[in-house]
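Next come the chains, spelled out residue by residue.
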Amino acid sequence: MKKELVKVIEDSLKALGLETIPSIEAEVPPNDSMGDLATPVAMSIAALLKKSPRKIAEELINSIKDLSAKAGKSAFEKIDIAGPGFINFTFSKEYLYSEIKKLIEYKSGFLREDIGKGRRVQIEFISANPTGPLHLGHGRGGATGEALSNLLNAAGYKVEREYYINDAGKQVKLLGLSVFARYQQLLGIEYPFPEEGYKGGYIEDVANEIIKENGKKFLQRSFEAVSDFFIDYSYRMILSGIKKDLKDFGINFDTWQSEEELYKKGDVEEAIEDLKIKGFIYEKDGATWFRSTAFGDDKDRVIIKQDGEYTYFTSDIAYHKKKIEKTYDELIDIWGADHHGYIPRVKAVIEALGYPKEKLKVLLVQMVNLLRGGKPVQMSKRAGEFVTLREVMNEVGPDTTKFIFLTRRPDSHLDFDLEVAKAQSSENPVFYVQYANARINSIFTHAKEKGINTDRLYDADLMLLSVYDELRIIRKLLIYPMVFEGAVNTYEPHRITFYLQEISGMFHPYYNKFRVVSDDIELTRARLALCGAIRIVLQDGLEILGISAPEKM
RNA sequence: GCGCCUGUAGCUCAGUUGGAAAGAGCAACUGCCUUCUAAGCAGUGGGUCAGGGGUUCGAAUCCCUUCAGGCGCGCCA
C-alpha cells in the first residue's frame, strides 16, 4: 500500500516541478473514516515552498488526479485534505482485493520487503560467562537477539548469530577452583572455599559429576596440579547446560567464539601490535594503555596491567578487531544496560582500527526486575542465589516468557512478576495470538470435512468480502509490510508483537460475528481466503518473534 | 559529582522515530457456549502523558531545568 502511495506522490511532485523529492512518509490515520493512509508531506515542504500546507495539498491532489486520468487508472477511491494539511487516501476496494490476492498467492514473499539487499550483519548476543546458568536477564537479551536476527534475516539481510564465550582468565579459573573445593568437601576433606568463589548449587552438581566419573582420583592433589582439568571440565559442563537452556528456549546461534582461542591464536597480540603501529598504545606507571580518549572516551584504558596480565578489555579489542575485519557490512552487539559505560571504549577500538564507528551498533537491553507477587525476588550472584532462566521457563513457559520480553521495547526497565506471568497464562496475550492461528486452522479443517475446496483461494471471489469488518481486516493485513519495515529500520521487533495482537483483536470478533463456513460455497471460499491471509501474517510474525504457532490449542 | 536509561489509566506496558480527538492487556462490573475451539465475544468505568519553561503550523515525542527510580563511572570480569 505504502509503495503505491509513495509512487503516486513522487510522480505528482515531479509533475509540479519540484526538483528535490523529499522522502515520503506514510502513516495510518487515527480514525477509519479518515481513509487508509495519510501523508504529512504537504506540511513538511510548506516552509520550503513558502505556501500554506493546505494549498500545497490541493495542488498535489489535483496533480495526482490529472496523472491518474491520463493513465486511465487509479488505486484510490478518494483523496482529500484534512486537518492542518494531511492528505488522506482511501484505496479503492478493487485495489485492496488485488493486494490481498497477491498476499494469499505469494505469502511471505509478498509481506517481506527486501530492505537488507543481502547486506551481511553479525549479531552478537547473550555471551554470558560460562561460570553459571543463564538467568532471566540473559533470557531477555536472548529473546531480543533471536527476534532481531529473524527480523533482519526476513528483511533480506544475511545474518550471522554469535555467542562470545568468556572462557579465559580469572573467572573461569575461579570456577574451577570453586568446583575443586566442593569436590574436596564432598569427599570429606576440609578444604577452604575461595573467598569470591561461585557458591551456587550447580557447583556441587559439577563436583558430583566429577566424583561419579573419576572417584577420588584428585583427592590428594593440589589445585595447581589439576586446575586444567577442573577448569575445563567445569566450564564445559556449564556451557553445555547453557546450550541446552538456549535450545529449549528457542534461541539459535551460528557461531560460538571462544575468548581463550583469541589468546591461543595470537589474535590478542596481533591486535595490540596493530594499535601500537597506529600510535594508540603507550606505557605509563608500568602498565600498557590504549589511548581511547583520542576517540571521545572519558579516560584511557589499561590493556596490560603492571603484573603483566591482560585486562578483560584487551581480548575485547582483539574480538572486535576480528569481527570488524570480516566481511560484515554491519556489526550489532546486544548488551545488558549495565555495560553501557563500555560503549565509548569499544567504539574507540573500531575507530582506532580505521573503521567508521557506525559500523558497530550497540543495542542495550535494560535490566529485568524479577518479582513474585509484587515482591522483589532477592538475587545475589555471590551467594549463588538467583532464579535461572530454566526455572522461569519451567514455571511460566518459553512462549509466554519470550512474549513478555517482546511486548516491551528494549529500553524499558522491565518488571517480570512470576505470579502475574503465570496467572495471566490462561488469558495471556501470547495465547490470544496463538489462539487466533489455531482457530483458523480449525476452520480450515472443518471446511475440508464439509468437502469445500480450500486450495487456490486466491481465485476466490474476494469481492464478496464486502462488510466493514472484513474490509477493516484487509486494510490491517496490508499494513503489515509497513510495520515490518518500521521494525527493521529501528531494530525493534516488539512492533511486530503489538501488530499481531491487533490483527488477532480483529479476527476474534469477526469469528464470533460471522460464520466462515456456510452453505454459500462462494462466500465460504472468499472468507476462507481472508482467514488464510490472516493466518499467513500471524505465522510470519510469530516466526520472526521466535514464538511457536501451534495448530491446535 | 559526572554519564546512560526510565517516569503515560489502580497494575504491567505500547504510542508508527514531531502529526489529527491519548491506546492495549490485566484487575473490577454486566451479559453470551444444542451452530467452524469460551485461551473467545459484546458492553461499562478509568488520564494534569512526573512538574516547570522553551523550540513551531503542531510536542507524550525534540531542547533546557527540577523531582523520582534504575544502572554505570577499576591496572574486576
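What you are looking at is a predicted structure, and each value in this text was computed from that prediction instead of being measured.

A. Representation of helix 14 (residues 343-352) within the structure. Of all 10 residues in helix 14, eight are buried, a share of seventy percent or more. When we look at burial in helix 14, the residues that qualify are Ile-343, Arg-345, Val-346, Lys-347, Ala-348, Val-349, Ile-350 and Ala-352. Of the surrounding elements, those touching the buried residues of helix 14 are helix 12 (267-277), strand 8 (287-290), strand 9 (301-304), helix 13 (312-325), strand 10 (330-336) and strand 11 (360-365). The positive-phi residue at the C-terminal boundary of helix 14 is Gly-354, with phi of around 95 degrees.

B. Representation of the domain arrangement of chain A. You can read the domains of chain A as domain 1 (2-91) and domain 2 (427-545). On a C-alpha basis, the centres of domain 1 and domain 2 stand 30 Å from each other. On the side of domain 2, six residues touch domain 1, which itself brings seven residues to the contact. Contact with domain 2 buries surface across domain 1, with Lys-2, Asp-32 and Asp-36 losing the most and accounting together for 68% of the total. Our count for the domain 1 to domain 2 interface comes out at two salt bridges. Here domain 1 is connected to domain 2 by two residue pairs in polar contact (both at pLDDT 80 or more). Among the residues forming the side of domain 1 that touches domain 2, the class breakdown is three nonpolar, no polar and four charged.

C. Region of the structure containing the nonpolar core. With 148 residues, the main nonpolar core has Leu-152, Phe-416 and Leu-477 as its most contacted residues. The element best represented in this core is helix 21 (residues 521-545), accounting for 13 residues. Each of domain 1 (2-91) and domain 2 (427-545) gives at least three residues to this core. Leaving out residues up to four positions away in the same chain, Leu-477 has contacts with Ile-100, Leu-103, Tyr-499, Ile-503, Leu-530, Ala-533, Ile-534 and Val-537. Judged by nonpolar contacts, the second largest core, of 28 residues, contains Leu-275, Ile-324, Tyr-328 and Leu-331.

Each value, and the rule that gives it
- Residue indices begin from 1 for each chain and proceed along its sequence in written order.
- Naming scheme: in the order in which they are written, chains are lettered from A and ligands are numbered from 1.
- Predicted model: local features are reported for residues with pLDDT of at least 70 only, side-chain atom pairs are reported and counted for 80 or more only, and whole-chain, interface and lining totals are derived from all residues.
- Excluding hydrogens and water, the side-chain figures rest on all heavy atoms present in the structure.
- Between buried and exposed lies partly exposed: a residue is buried under 20% and exposed over 50% of the maximum accessible area for its type, with that area taken using a 1.4 Å probe on protein chains only.
- Helix and strand definitions follow DSSP, with helices as H or I runs of at least four residues and strands as E runs of at least two, each counted in order from the N terminus.
- Between two residues, a contact is recorded if the distance between any of their heavy atoms is within 4.5 Å.
- For the domain bounds, the source is a domain assignment made automatically or taken from a database.
- Throughout, the accessible surface (probe 1.4 Å) given up by two parts as they are put together, summed over both, is called the buried area.
- Basic side-chain nitrogens of Lys or Arg form a salt bridge, by our definition, when they fall within 4 Å of a carboxyl oxygen of Asp or Glu.
- Polar contacts, as used here, are pairs of N or O atoms within 3.5 Å; protein pairs need one atom able to donate a hydrogen and one able to accept it. Residues neighboring in sequence count only if both atoms are side-chain atoms.
- Put simply, Ala, Val, Leu, Ile, Met, Phe, Trp, Tyr, Cys and Pro go in the nonpolar bin, Asp, Glu, Lys and Arg in the charged bin, and everything else, Gly too, in the polar bin.
- Residues grouped as a nonpolar core are buried Ala, Val, Leu, Ile, Met, Phe, Trp, Tyr and Cys residues, joined through side-chain atoms within 4.5 Å.

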